[in-house]
Amino acid sequence: MAHKTYGIDFGTGTVKVYKKSDGIILNERTVVATVGKGPQQRPVAIGDKAYEMFEKVPPNIKVSFPLENGVISHMGDMISLWNFMLEKLSGKRKLKNADFYIAVPADIREVDKNAYSRVVSEGESKPHKVFLIHKPIADALGLNLDVENSRGIMIVNVGADTTEISVLSLGGIVVSKLLPYGGNYFDEQIINYIRKEHNFVIGRKSAEQIKKSLVSAVPVDEKVTVVGRNVVKGLPGEVTVASSEIFPLVQGVFMTISAAVRSMLERTPPEIASEIAEKGIYLTGGSSWIRGMDQLVANETRYRINTTKHAQRTVVSGLGYLAEHPKTAARYSIPLKSTKD
Ligand SMILES: Nc1ncnc2c1ncn2[C@@H]1O[C@H](COP(=O)(O)OP(=O)(O)OP(=O)(O)O)[C@@H](O)[C@H]1O
Ligand SMILES: [Mg+2]
């Protein structure tokens, strides 16, 4: 019997799901809203709907972000997210015996792999097989690159909590480094700065809005106004922020990312580096859309940079490719759990 097959990219910021034969069927915030505690905990919303509840829910509803730095950090919440998500994906019928490809960072620790194993085994719907796929491989496949035969591919995936810099050659990962910086870091810096310098408390959503408009890897001259609460007066109001205020807050991280890319290139064997130089570096992940990111990495490395309008979807598209091509998938799959053979 053919099994339903799904590819899941559990990003720290957004979860993306590909269903075999159907394509990408879900792209929502990795957020779960629950009521109750311990064994009584029950999900009431996930994804964008749960995110909408964030910062305005009554105290009996808990809104949680179950991943940090690209791996599971809150087990109970993650199981709630998993159960609710599968229910949503399968409609009225319970999802049974499905196969899953789950993207994980290339240098994932054993304990973090085991966390996925627990989620799957403690979840309500029992899967047929679950495979882990290293994210850089999925990313490269999602970019339609010839992973098997290319001598050198460099991918820099700038996500919500992480930046994963990887070099691939002839179907394998030569080296990969996971930096604990991504778009969320910028949001946090913005929140802290506005509280300290403007005496305004703003929410995560407003911070993200400011980031998308003002954060730039190269200086720009723009302003944005958001709503918040004045901490001195205790009243709601508006606060206007200029890009010149934000730039110094985030400059260090841009430098850290580009220095890490440069240092990895310096340690890459020449025959691999020459092919990377020929093709250019691939920038992916939602935060690769930050203005000037491509220009900054190009300046720092002197390599050509390729960007994509599918930056948030390349990993899940690669998982989708594997779901549609089981023979290729077999070469890259790390078996996690086999409930039935
Ligand atoms: N236009 C944009 N400009 C700047 N940042 C953006 C833009 N669109 C999305 N982002 C940011 O991209 C990030 C999400 O990207 P992505 O989905 O690749 O991350 P993720 O996979 O959830 O996280 P990670 O890979 O770190 O676990 C968020 O921080 C979001 O604010
Ligand atoms: Mg990601």
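Everything discussed here concerns the structure shown above.
So, here is what we can say about the structure in this document.

Reading guide: rules and limits
Along each chain, the written sequence defines residue order, and numbers are assigned to residues from 1. Chain letters and ligand numbers both follow the written order, the letters beginning at A and the numbers at 1. Owing to the predicted nature of the model, reporting of local features is limited to residues with pLDDT of at least 70; listing and counting of side-chain atom pairs is limited to 80 or more, with chain, interface and lining totals taken over all residues. The basis for the side-chain values is all heavy atoms of the structure; hydrogens and waters are excluded. One bridge is not enough; two strands pair if DSSP finds at least two bridges between them. Numbering goes from the N terminus for both helices and strands, where a helix is a DSSP run of H or I of at least four residues and a strand is a run of E of at least two. A fitted line through C-alpha atoms serves as each axis, taken over the contacting stretch for helices, and the angle formed by two N-to-C directions is quoted from 0 to 180°. Whether a residue is near a molecule or strand depends on its heavy atoms: if one lies within 4 Å, it is near. Whenever a nitrogen or oxygen atom comes within 3.5 Å of another N or O atom, the pair is scored as a polar contact, on the condition that within protein one atom can donate a hydrogen and the other can accept it, and that pairs from neighbouring residues in sequence are kept only if both atoms are in side chains. Amino acids outside the nonpolar list (Ala, Val, Leu, Ile, Met, Phe, Trp, Tyr, Cys, Pro) and the charged list (Asp, Glu, Lys, Arg) are all regarded as polar, and Gly is one of them. In what follows, salt bridge is the name for a side-chain nitrogen of Lys or Arg lying within 4 Å of a carboxyl oxygen of Asp or Glu. Buried residues are those whose accessible area, probed at 1.4 Å on protein chains only, stays under 20% of the maximum for their type, while exposed residues exceed 50% and partly exposed ones sit between those limits.

1. Considerations on the sheet that holds strand β14 (residues 200–201)
- The strand order across the open sheet built from 3 strands is β14-β15-β16, with neighbouring strands paired in antiparallel fashion. Whereas interior strands pair on both sides, the edge strands pair on one side only; in this sheet they are β14 and β16 (236–242).
- Bridging between β14 and strand β15 (residues 223–230) involves 2 bridges; their strand directions are antiparallel. What sits directly across from Phe200, in β15, is Asn230.

2. Considerations on the sheet that holds strand β6 (residues 61–64)
- The 3 strands lie next to each other as β5-β4-β6, forming an open sheet whose pairing is antiparallel. Each edge of the open sheet is held by one strand with a lone partner, namely β5 (42–46) and β6. Neighbour to neighbour, the strand axes of the sheet diverge by 30 degrees on average, direction disregarded.

3. Description of the site of ligand 1
- In the vicinity of ligand 1, 22 residues are found, and the nearest of them are Thr12, Gly13, Thr14, Glu208 and Lys211.
- Here an oxygen atom of ligand 1 sits 2.8 Å away from a polar atom, N or O, in the side chain of Lys16.
- One of the backbone N or O atoms of Ser287 is found 3.3 Å from an oxygen atom in ligand 1.
- When contributions to the shell around ligand 1 are tallied by element, the ones reaching two or more residues are β2 (14–19), α5 (183–198) and α6 (204–214).
- Within the shell around ligand 1, the residues separate by chemical class into 3 nonpolar, 13 polar and 6 charged.

4. Focus on the pattern of salt bridges
- Scanning the model with the defined rule gives 18 salt bridges in all.
- Here Glu28 ties to Lys88 by a salt bridge, and the two come within 3.2 Å at their closest N and O atoms. Highlighted residues: Glu28 in strand β3 (residues 23–29) and Lys88 in helix α2 (residues 75–90), separated in sequence by 60 residues.
- On the basis of relative accessibility, which here comes to 18%, the residue Glu28 falls in the buried class.
- One connected set of salt bridges, linked through shared partners, spans Arg29, Glu208 and Lys212.

Geometry only, nothing functional implied.
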